[in-house]
Amino acid sequence: MTLADNAAVAKVIRDVSAEFDLTADKGFGVADPQLDNLFAYYQEMGGRYWVVELDGNIVGGGGVTALSGASDTVCELQKMYFMPQLRGLGAGKALALLAMEEARKSGFKLCYLETTAVLKEALALYQKLGFKQLTQPMGSTGHNDCEICMAKTL
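Report on the accompanying structure. Once a new chain begins, its residue numbering starts again from 1 and follows that chain's sequence as written. Local features in this predicted model are restricted to residues whose pLDDT is 70 or higher, and side-chain atom pairs enter the listing and the counts only when it is 80 or higher, whereas totals over whole chains, interfaces and linings include all residues. To get the side-chain values, take all heavy atoms of the structure and skip hydrogens and water.

1. Things to note about the environment of Pro 137
Phase 1: Mapping Pro 137 onto the fold places it in the loop between strand E5 (132-133) and strand E6 (148-153).
Phase 2: In sequence terms Pro 137 and Glu 102 are 35 residues apart; their C-alpha atoms lie 23 Å from each other.
Phase 3: Contact criterion: two residues are considered in contact whenever any of their non-hydrogen atoms come within 4.5 Å of each other. What Pro 137 contacts, discounting residues up to four positions off in sequence, is Tyr 112, Glu 114 and Cys 149. Helix numbers and strand numbers start at the N terminus; a helix is a DSSP run of H or I with at least 4 residues, a strand a run of E with at least 2.

2. With respect to the pattern of salt bridges
Phase 1: Salt bridges are defined by distance alone: a side-chain nitrogen of Lys or Arg within 4 Å of a carboxyl oxygen of Asp or Glu. Following the criterion strictly, the structure yields six salt bridges and no others.
Phase 2: Where Asp 15 meets Lys 11, a salt bridge forms, and the shortest distance between an N and an O atom there is 2.6 Å. Within this pair, Asp 15 and its partner Lys 11 are both found in helix H1 (residues 6-19), separated by four residues, close to a single helical turn.
Phase 3: Residue burial is assigned from relative accessible area. The probe radius is 1.4 Å, only protein chains are included, and a residue is buried under 20% of its type maximum, exposed over 50%, and partly exposed in between. Given a relative accessible area of 31%, Asp 15 falls into the partly exposed group.

3. Some remarks on the side chain of Asp 5
Phase 1: Within the secondary structure, Asp 5 is located in the segment before H1.
Phase 2: Notably, Asp 5 is buried but unbridged: the nearest opposite-charge side chain belongs to Arg 48, and the N-O separation is 11 Å. Within this scheme the basic residues Lys and Arg register as positive and the acidic residues Asp and Glu register as negative, but His and the chain ends are omitted.

4. Let's talk about the pairing of E6
Every other side chain in a regular strand lies on the same face of the sheet, so the side chains alternate between the two faces.
Phase 1: Two strands qualify as a pair provided DSSP detects at least 2 bridges between them. Sheet topology places strand E4 (residues 110-115) next to E6; six bridges connect them, and they run antiparallel. Bridge pairing links Leu 110 to Thr 153 in E6.
Phase 2: Strand direction decides the pairing type here: E5 and E6, joined by two bridges, are antiparallel. Looking at E6, one finds that Gln 133 is bridged to Met 150.

5. Considering the packing of aromatic side chains
Phase 1: Whether two aromatic rings pair depends on their centres lying within 6.5 Å, for rings of Phe, Tyr and Trp, where Trp uses its six-membered ring; planes under 30 degrees apart make the pair stacked, over 60 edge-to-face, and the rest tilted. By the definition in use, this model includes three aromatic pairs.
Phase 2: Ring centres of Tyr 41 and Tyr 42 lie 5.1 Å apart, and the angle between their planes is 85°; this geometry places the pair in the edge-to-face category.
Phase 3: Of the residues examined, Tyr 41 reaches a relative accessible area of 17% and is grouped as buried.
Phase 4: Ring plane angle 50° and centroid distance 5.3 Å describe the contact between Tyr 42 and Tyr 49, whose orientation is recorded as tilted. Tyr 49 matches Tyr 42 in its accessibility class, with the two residues each being buried.

Put into structure tokens, the structure is as follows:
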């Protein structure tokens with residue numbers, strides 16, 4: 001991700017969130033104060049965010065960074081959003097695997113994520129990748145309406 005990608009990434013996140021009724025007033029990622037400046041956020045946090053382009057347009061992305069409010073060995077897979085034309089092509093799996101490998105290389109031991117049941121395909125992907133559902137959230141993400149918390153040992 002580059003500074004120039006901020007607006008396109010924020011648009012993808014807003015569009016996909018609206019598609020699934022994941023609104024800002026409900027405490028989902030679309031409400032994050034750093035949404036319009038993710039490049040700086042990931043730089044400050046020491047994380048990484050990757051964009052996925054199709055025909056020269058950003059149509060998806062995802063990132064990994066330290067989980068706020070948790071041990072320094074726990075990272076969070078976050079902001080994985082994909083426009084409809086990208087879904088089903090393996091981009092989500094490829095990006096998640098890349099993010100976890102980068103996290104492992106950075107010394108993280110556990111990868112955490114939050115999602116919601118309405119994102120059935122994403123949930124299925126995370127389960128296939130070996131994420132296990134937790135009984136309670138970790139860290140302090142502020143995403144109170146993400147009722148599914150999962151983690152995977154790296």
